[in-house]
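# Structural overview
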Amino acid sequence: MTARTFPESFLWGSATAAYQIEGAATEDGRGPSIWDTYSHTPGRTLNGETGDVAADHYHRWAQDLDHVAELGLGAYRFSISWPRVQPGGSGRFHQAGLDFYSRLVDGLLERGIRPVATMYHWDLPQELEDAGGWPVRDTALRFEDYASGIVAALGDRVHTWTTLNEPWCSAYLGYGSGVHAPGRTEPAAALAAVHHLNLAHGLAGRVVRELAPTAELSVTLNLHVIRPASDSAADVDAARRIDALANRAFLGPMLTGAYPADLLADTAGVTDWSFVRSGDEKVAAVPLDVLGVNYYSSTLVRAWDGHSARSDSDGHGASAHSPWVGADDVDFLPQPGPYTAMGWNIDPPALTELLRLGREYPGQPLMITENGAAFDDAVSADGRIHDDRRIDYLRRHIGAMADAREQGVDVRGYFVWSLLDNFEWGYGYERRFGIIRVDYDTQERTWKDSAHWYRRLAATGELDQARD
Ligand code: FCB
């Protein structure tokens, strides 16, 4: 048996997102978001499920924070619903919405838990989508205004402000493949959305610096670990192209103040990028206190020969339209198992590989802001949920993170996805990621074995790796 020890200063947390847990979709003046519209459109989500009720966290938040406290976690990552605090996405702020998040933040502080607030976890006010959504520049300016309102209200009571969650998904799944809201399939719009999300990040980051100078600033990216199927020049080039679309389209402007030249060249057939105005990339490069990284599984690519059967197994949902705009000649290969209930391959060493990016950006601390797994949990006769596969997944990935730390990477914290079972976007309620089970008939919360395991890890900092 080997036990690995994390220092006391290492931050253990759990993560959630507003639309996935809050419910109360029309209560207290909340306006509609693109996810309300999308989930209420027949055929868009599994079984037509919506976030109308979700885990009813809007009413049960205090009890949910008690669970975070009982887990002994140092931080809680949640998101603010834009249409709850500024229903139409512009103009006056809505006091009832601000009050909800103010109570939540105070509730965390009273329990000794650091609030880590994400400004945008995909629930764009519908009115802004009606005016063009992320492909239009004005949405970034609206976001700056929204950021001013929430930072003015919550300020440095929030320990860490995260501007965006996974802008990759907002842009490419929302406007490219259409498997996320708003469900558009327009390649050029997807790239314009990439840019306006980068710009929005920078504008909101400046707001945090001005209005909450003692708060930390971050963004969360779902960086992809992309491996070529062979070392042929064509496969290696396919991996480079996907790396540009998946990773460097965001890391470039945000960390170095420029889009990579190869990304602009690769996508020249889709757009001329004329929506990038002089100075935008510098705005996007607002210095970050911590870069949030979400990781679940890895990606294997090859150059497509133009005639053999494609597998398109990129793990990002089925659509006739690819999220990989301008890269139709790249195929995504199935990976060896085991898999989670999402069909995602389990590949912990890829997390170590991913975190090495910390060495490419020296001086940039990292945080894992999401990692976790959906499995078909069963409630046993004893009333418990023996989710050994989830524990094994977490143990191996936390071990992979420890490997990166031993290699000198500055990873400061880990947030398990997720605190609670919740609305898993297009997959509805079928896919359960929580370390706490939610019975959607009664809204009862039950700790799974993984919650007990995670509590022990957070309390002792000792990772038991006996099975490896
Ligand atoms: C991430 C999302 C999060 C959740 C997990 C499983 O892409 O940020 O909301 O859906 O995947």
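Placed above this text is the structure.
Throughout, residues of each chain are indexed from 1 in the direction in which the sequence is written. Note on the predicted model: pLDDT of at least 70 is required for a residue's local features to be given, and 80 or more for side-chain atom pairs to be given and counted; whole-chain, interface and lining totals, by contrast, use all residues. The side-chain figures draw on all heavy atoms in the structure; neither hydrogens nor water molecules are used.

Where helices and strands are cited, they refer to DSSP runs of H or I of at least four residues and of E of at least two residues respectively, numbered from the N terminus. The number of helices and strands found in the chain is 16 helices and 15 strands. Each of the three principal axes of the chain carries a C-alpha extent, and together these read 55 × 55 × 45 Å. Expressed as a percentage of the 468 residues in the chain, the buried residues total 60%. Surface exposure of the chain reaches about 16,900 Å², of which carbon and sulfur atoms provide 50%. A simple rule labels every residue: compare its accessible area, found with a 1.4 Å probe on the protein chains alone, to the largest value its type can have, and call it buried under 20%, exposed over 50%, or partly exposed in between. Here, Shrake-Rupley sampling with a 1.4 Å probe gives the accessible areas, and only protein chains in the shown set may cover a residue.

Strands are labelled as partners when DSSP assigns at least two bridges between them. With mixed pairing, 3 strands are arranged side by side in an open sheet as β7-β9-β10. Bordering the open sheet on either side are β7 (226–228) and β10 (330–332), each of which pairs with just one other strand. Pairs of neighbouring strands in the sheet enclose a mean axial angle of 35°, with direction left out of account. As judged from the 3 bridges shared by β7 and strand β9 (residues 299–303), these two strands associate in the parallel manner. In the strand pairing of β9, P228 is matched with V301. Here a residue-residue contact requires only that any non-hydrogen atoms of the pair lie within 4.5 Å. Fitted lines through C-alpha atoms serve as axes, helices being fitted only where they are in contact, and the angles separating the N-to-C directions of these axes extend from 0 to 180 degrees. The strands touched by helix α10 (residues 233–256) within the sheet are β7, β9 and β10, with β9 carrying the most contacts at an inclination of about 130°.

Every helix has an expected span of 1.5 Å times one less than the residues it contains. Taking 1.5 Å of rise per residue, 16 residues should cover 22 Å, and helix α5 (residues 95–110) covers 22 Å from first to last C-alpha, within 8% of that figure. Looking at the buried side of α5, the elements it contacts are α1 (18–21), α3 (57–71), β3 (75–79), α4 (82–85), β4 (114–120) and α7 (137–154). Two residues or fewer after α5 comes G112, characterised by a positive phi angle close to 75°.

Okay, the sheet that holds strand β11 (residues 366–370) next. Taken in spatial order, the 8 strands close into a barrel running β2-β3-β4-β5-β6-β8-β11-β12, and their pairing is parallel. With strand direction ignored, the average angle separating the axes of adjacent strands in the sheet is 25°. Where strand β8 (residues 290–294) and β11 come together, 4 bridges link them in parallel fashion. By the bridge assignment for β11, G292 is matched with M367.

Let us look at the side chain of D421. Summarising the element assignment, D421 is placed in the loop between β12 (411–417) and β13 (436–439). Each polar contact in these results corresponds to two N or O atoms within 3.5 Å; when the atoms are within protein, one needs to be able to donate a hydrogen and the other to accept it, and residues that are neighboring in sequence are counted only if both atoms are side-chain atoms. Within the local environment of D421, its side chain forms a polar contact with the side chain of R432, the two groups lying 2.5 Å apart. Of note is the side chain of D421, whose polar atom sits 2.9 Å from the backbone nitrogen of G434.

With that settled, consider the site of the ligand. Definition of nearness: a residue and a molecule or strand are near each other if at least one heavy atom of the residue lies within 4 Å of the molecule or strand. Lining the immediate surroundings of the ligand are Q20, H121, W122, N165, E166, Y296, E370, W417, E424, W425 and F433. Within the side chain of E424, one N or O atom sits 2.8 Å away from an oxygen atom of the ligand. In this structure, an oxygen atom belonging to the ligand sits 2.9 Å away from a side-chain N or O atom of W425. Coverage of the ligand by the protein chains reaches 95% of its 300 Å² of free accessible surface. For the shell around the ligand, the class distribution of residues is 5 nonpolar, 3 polar and 3 charged. Only Asp, Glu, Lys and Arg are considered charged in this grouping, and only Ala, Val, Leu, Ile, Met, Phe, Trp, Tyr, Cys and Pro are considered nonpolar; every other residue, Gly among them, is considered polar.

Aromatic contacts are taken between Phe, Tyr and Trp rings whose centres are within 6.5 Å, Trp giving its six-membered ring; a plane angle under 30 degrees counts as stacked, one over 60 as edge-to-face, and the others as tilted. All chains considered together, the criterion is met by 36 aromatic pairs. A connected cluster of aromatic rings, assembled from ring pairs, spans Y19, W35, Y38, W122, F423, W425, Y429 and Y440. Working rule: Lys NZ or Arg CZ, within 6 Å of ring centre, within 35 degrees of ring normal, means a charge sits over the ring. In this arrangement the basic side chain of R310 is found over the ring face of W304, its NZ or CZ atom lying 4.6 Å from the centre.

For this document, the term salt bridge refers to a Lys or Arg side-chain nitrogen within 4 Å of an Asp or Glu carboxyl oxygen. This model, assessed by the stated rule, comprises 34 salt bridges. E370 is the partner of R77 in a salt bridge, and the nearest nitrogen-oxygen pair spans 3.0 Å. You can see R77 sitting in strand β3 and its partner E370 sitting in strand β11, a full 293 residues away along the chain. Of the two residues, R77 and E370, both sit in the buried class. For R310, the salt bridge is made with D312, and the minimal N-O distance between the two is 3.0 Å. Judged by relative accessible area, which is 30%, R310 ranks as partly exposed.

Counted residue by residue, strand β2 (residues 11–15) has 5 buried out of 5 residues, so it is predominantly covered. Direction of pairing for β2 relative to β12: parallel, over a ladder of 5 bridges. Along β12, the bridge assignment pairs W12 with Y414. Bridging between β2 and β3 involves 3 bridges; their strand directions are parallel.

For the pair α5 and α7, interaxial distance at closest approach is 10 Å and the crossing angle is 45°. With respect to α7, the axis of α5 lies oblique. The handedness of the crossing between α5 and α7 comes out as right-handed. In this structure, α5 uses L98, Y101, S102 and V105 to contact α7, whose residues at the interface are G149, I150, A153 and L154. Here roughly perpendicular refers to angles of 65 to 115 degrees, roughly parallel to angles under 35, roughly antiparallel to angles over 145, and oblique to all remaining angles. In a left-handed crossing the near helix is turned counterclockwise from the far helix by less than a right angle, and in a right-handed crossing that turn is clockwise.

A few words on the side chain of D123. By secondary structure assignment, the location of D123 is in the loop between β4 and α6 (126–130). Beyond its immediate chain neighbours, meaning those up to four positions away, D123 contacts A18, Y19, S33, I80, S81, W82 and P83.

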